[in-house]
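Listed below, chain by chain, are the residues.
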Amino acid sequence: MSYQKLIDEHARIDTALARLTNILDRPERDAEAATAALSHLAEELHDHLAHEDAMLYHELIIANKPAYAHAVEQFTQQFDALRRDWSAYLGGWTTAAIAADWPIFRTATRLMVERLAERVAAENDLLYCAALQFGAITLRDQQISAAA
């Protein structure tokens, strides 16, 4: 797992968040576009979390670095709450629900987008830098050269 890979994944998440926000900013309701954007965002988050959860948090916890233990615990607790809220949010906002209550969907989605964007920024600024400092992740993925 590398810092660059995590940052690249976060850039894709940020792009998906922006796409969803752009749909919310349109003057017309577009439940289908919103559903597609939510699906894409959910996919990006799922793929990213598969890497991050399996590698980064485990590495930070087993590193047994007292200076990072509290931060990792806080990040984990905060993320567990966000994950539960995200799951409930996704389950509640089907295409039909979005079409039926666009104003509430827009409000709920703006709040969720803000929370997700804040989480991405916090991981970029704090967690990944700490993980890089003590070797839980590398700066870049190692290139494996083919044997001649």
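This text goes with the structure placed above it.
Residues numbered from 1 in each chain as written. Predicted model: local features only at pLDDT ≥ 70, side-chain atom pairs only at ≥ 80, totals over all residues. Heavy atoms only, no water.

(A) Up close: the overall build of the protein chain. The helix and strand inventory of the protein chain stands at five helices and zero strands. Counting from the amino terminus, helix and strand elements in the protein chain follow one another as α-α-α-α-α. Considering the protein chain as a whole, with its 148 residues, one finds that 33% of them fall into the buried category. Look at the contacts in the protein chain between residues 6 or more apart in sequence, and 81% of them connect residues 24 or more apart. On the protein chain, roughly 8,500 Å² of surface is accessible, and the fraction owed to carbon and sulfur atoms is 56%. (Helix = DSSP H or I, 4+ residues; strand = E, 2+ residues; numbered from the N terminus. Buried < 20%, exposed > 50% of the residue type's maximum accessible area, 1.4 Å probe, protein only. Contact = heavy atoms within 4.5 Å. Areas by Shrake-Rupley, 256 points an atom, 1.4 Å probe, with all protein chains shown as cover.)

(B) A look at the packing of aromatic side chains. Taken as a whole and assessed by the stated rule, the structure comprises three aromatic pairs. When the centroid spacing of 5.6 Å and the interplanar angle of 20 degrees are considered together, the rings of Trp86 and Tyr89 count as stacked. Of the two residues, Trp86 and Tyr89 both sit in helix α3 (residues 66-92), three residues apart, roughly one turn of that helix. Side by side, Trp86 and Tyr89 carry an identical accessibility label, which is buried. Centroid distance Trp102 to Phe105: 5.5 Å. Interplanar angle 40 degrees. Geometry classified as tilted. With a gap of three residues between them, Trp102 and Phe105 both fall in helix α5 (residues 102-133), about one helical turn apart. Following the ring pairs from residue to residue traces out a cluster consisting of Trp93, Trp102 and Phe105. (Phe/Tyr/Trp six-rings, centres within 6.5 Å; stacked < 30°, edge-to-face > 60°.)

(C) Focus on the environment of Ala122. Its location among the elements puts Ala122 in helix α5. For Ala122, a relative accessible area of 24% puts it in the partly exposed group.

(D) Quick look at helix α1 (residues 3-25). Here α1 spans 33 Å end to end across 23 residues, near enough to the 33 Å set by a 1.5 Å rise per residue. All of the buried residues in α1 are Leu6, Glu9, His10, Ile13, Ala16, Leu17, Leu20, Ile23 and Leu24. (Expected span 1.5 Å × (residues − 1).)

(E) Layout of the nonpolar core. Membership of the largest hydrophobic core comes to 26 residues, with the highest contact counts inside it found for Leu38, Leu41, Trp86, Ile98, Phe105 and Leu116. At the level of elements, α1, α2 (31-62), α3 and α5 are the ones that each hand at least two residues to this core. The element best represented in this core is α2, accounting for eight residues. With sequence-adjacent residues up to four places away left out, Leu41 is seen in contact with Ile13, Ala16, Leu17, Leu20, Trp86 and Leu116. (Core = buried A, V, L, I, M, F, W, Y, C linked by side-chain atoms within 4.5 Å.)

(F) The pattern of salt bridges, seen in detail. All told, the structure shown has six salt bridges when counted by the stated rule. Asp25 serves as the salt-bridge partner of Arg110, at 2.8 Å between the closest nitrogen and oxygen. On the criterion of sequence distance, the pair formed by Arg110 in helix α5 and Asp25 in helix α1 is long-range, its members being 85 residues apart. The partly exposed category is assigned to Arg110, whose relative accessible area is 32%. Arg26 is the partner of Asp30 in a salt bridge, and the nearest nitrogen-oxygen pair spans 3.2 Å. With relative accessibility at 21%, the residue Asp30 sits in the partly exposed group. Arg26 gets classed as partly exposed once you look at its relative accessible area, which sits at 33%. (Salt bridge = Lys/Arg side-chain N within 4 Å of Asp/Glu carboxyl O.)

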